[in-house]
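Descriptive analysis of the structure
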Amino acid sequence: MPRIPRPRLHRIAIWSLTILTALWLVFALLSGAEQQGGGLSGVLRNSPNALPWAVMLALVWVANRAPLAGGWLFIAMAFITMVGFDTWHHPATFALITLPYMVLGAILALSSLGD
């Protein structure tokens, strides 16, 4: 099996984290907007629910600059989502939210280590 170069692993992890986090951010913004009155005002009133995902999006920037630290931060955030969203009791939610951040964080951290 051919070995994937480390810079490519870094790019794959960063782009995957960016896309995944942006999707969760949009979902968090829109999912409760209708209950908050709908429209733009509902999205704005619901925006505090998207704050954790905005923090994760900022972590993508940090991880791009410092992959080892960023990888560990994403692994830590995955454990925080496991506790905060109670995902360890729900395998589907664990697989959709927590597991990708754990795996991508580990790939990012490992991609920064020397040979």
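Once a new chain begins, its residue numbering starts again from 1 and follows that chain's sequence as written. Totals for whole chains, interfaces and linings use every residue, but because this is a predicted model, local features are given only for residues with pLDDT of at least 70 and side-chain atom pairs only at 80 or more, for both listing and counting. The side-chain figures draw on all heavy atoms in the structure; neither hydrogens nor water molecules are used.

**Points about the nonpolar core**
Applicable threshold: Nonpolar cores are built from buried Ala, Val, Leu, Ile, Met, Phe, Trp, Tyr and Cys residues. Side-chain atoms within 4.5 Å join them into one set. For each residue, the accessible area found with a 1.4 Å probe, counting protein chains only, is set against the maximum for its type, and the residue is called buried under 20%, exposed over 50%, and partly exposed in between. Only DSSP runs of H or I covering at least 4 residues are called helices, and only runs of E covering at least 2 are called strands; the numbering of each starts at the N terminus. By definition, residues are in contact when any of their heavy atoms lie within 4.5 Å.
By size, the foremost hydrophobic cluster in this structure holds 22 residues, and its most contacted members are Leu17, Trp24, Trp53, Met56, Phe74, Tyr101 and Leu108. Elements that contribute at least two residues to this core include exactly helix 1 (6-31), helix 3 (51-65), helix 4 (67-84) and helix 5 (91-111). Among all residues touching Phe74, those that are not within four sequence positions of it are Leu17, Met56, Leu59, Val60, Ala63, Tyr101 and Gly105.

**Digging into helix 5**
Cut-off, in case you're wondering: Given the number of residues in a helix, its expected span is that number minus one, multiplied by 1.5 Å. One fitted axis covers the seven residues ending at a residue, a second covers the seven starting there, and the bend at that residue is the angle between these axes.
Taking 1.5 Å as the rise per residue, helix 5 with 21 residues should run 30 Å; its terminal C-alpha atoms sit 28 Å apart, in good agreement. At Thr98, helix 5 shows its maximal kink, close to 40 degrees; a proline, Pro100, follows between one and four residues later. As for helix 5, its buried residues are in contact with helix 1, helix 3 and helix 4.

**Some words on the packing of aromatic side chains**
For the record, the criterion: Planes of paired rings set the category: under 30 degrees apart is stacked, over 60 is edge-to-face and the rest tilted, where pairs are Phe, Tyr or Trp rings (Trp by its six-membered ring) whose centres lie within 6.5 Å.
In total, this model carries five aromatic pairs according to the counting rule given. Plain terms: the ring middles of Trp53 and Phe85 are 5.8 Å apart, the flat faces sit at 20 degrees to each other, and that makes the pair stacked. Here the residue Trp53 occupies a position in helix 3, and Phe85 occupies one in the loop between helix 4 and helix 5, the gap between them amounting to 32 residues. These aromatic residues form a ring-pair network of at least three members: Trp24, Phe27, Trp53, Phe74, Phe85 and Tyr101.

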